[in-house]
Amino acid sequence: MTAPTPAPTGRALALILTGIVITLTTSITAVATGHRQLMVVAAVGFALQLAGWAAHGRRNGGA
């Protein structure tokens, strides 16, 4: 049995980073332009981050 890695890798890392980029970009744009509908897209980014962290947690055995 290998020791769990402290940082996400692979697909989990890709989901987390993609979620961060989407969330930051759309939330800043929504605030700057006043288009509150863009916050729905930011919520998708949050969901991607959550999926990435959940995948990382499963890979580490819940740690």
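Keep in mind it's a predicted model, so treat the numbers as computed, not measured.

Trainee: Can you break down helix α1 (residues 10-33) residue by residue, with the values?
Mentor: With 24 residues, α1 should cover 34 Å at 1.5 Å per step; its first-to-last C-alpha distance of 34 Å lies within 8% of that length. For α1, the set of buried residues is Ala12, Ile16, Gly19, Thr23, Thr26, Ser27 and Ala30. Against the buried residues of α1 lie α2 (38-59).

Trainee: Account for a nonpolar patch on the surface, naming residues and giving values.
Mentor: Nonpolar side chains collect at one region of the surface, where Leu13, Leu17, Ile20, Leu24 and Ile28 lie side by side and expose about 420 Å² of accessible area between them. Relative to the elements of secondary structure, Leu24 occurs in helix α1. Taking the relative accessible area as the measure of exposure, Leu24 reaches 48% and is therefore partly exposed.

Criteria and thresholds
Residues numbered from 1 in each chain as written. Predicted model: local features only at pLDDT ≥ 70, side-chain atom pairs only at ≥ 80, totals over all residues. Heavy atoms only, no water. Helix = DSSP H or I, 4+ residues; strand = E, 2+ residues; numbered from the N terminus. Expected span 1.5 Å × (residues − 1). Buried < 20%, exposed > 50% of the residue type's maximum accessible area, 1.4 Å probe, protein only. Contact = heavy atoms within 4.5 Å. Patch = residues over 30% accessible without salt bridge, like charges linked within 9 Å, V, L, I, M, F, W, Y side chains within 5 Å. Areas by Shrake-Rupley, 256 points an atom, 1.4 Å probe, with all protein chains shown as cover. Salt bridge = Lys/Arg side-chain N within 4 Å of Asp/Glu carboxyl O.

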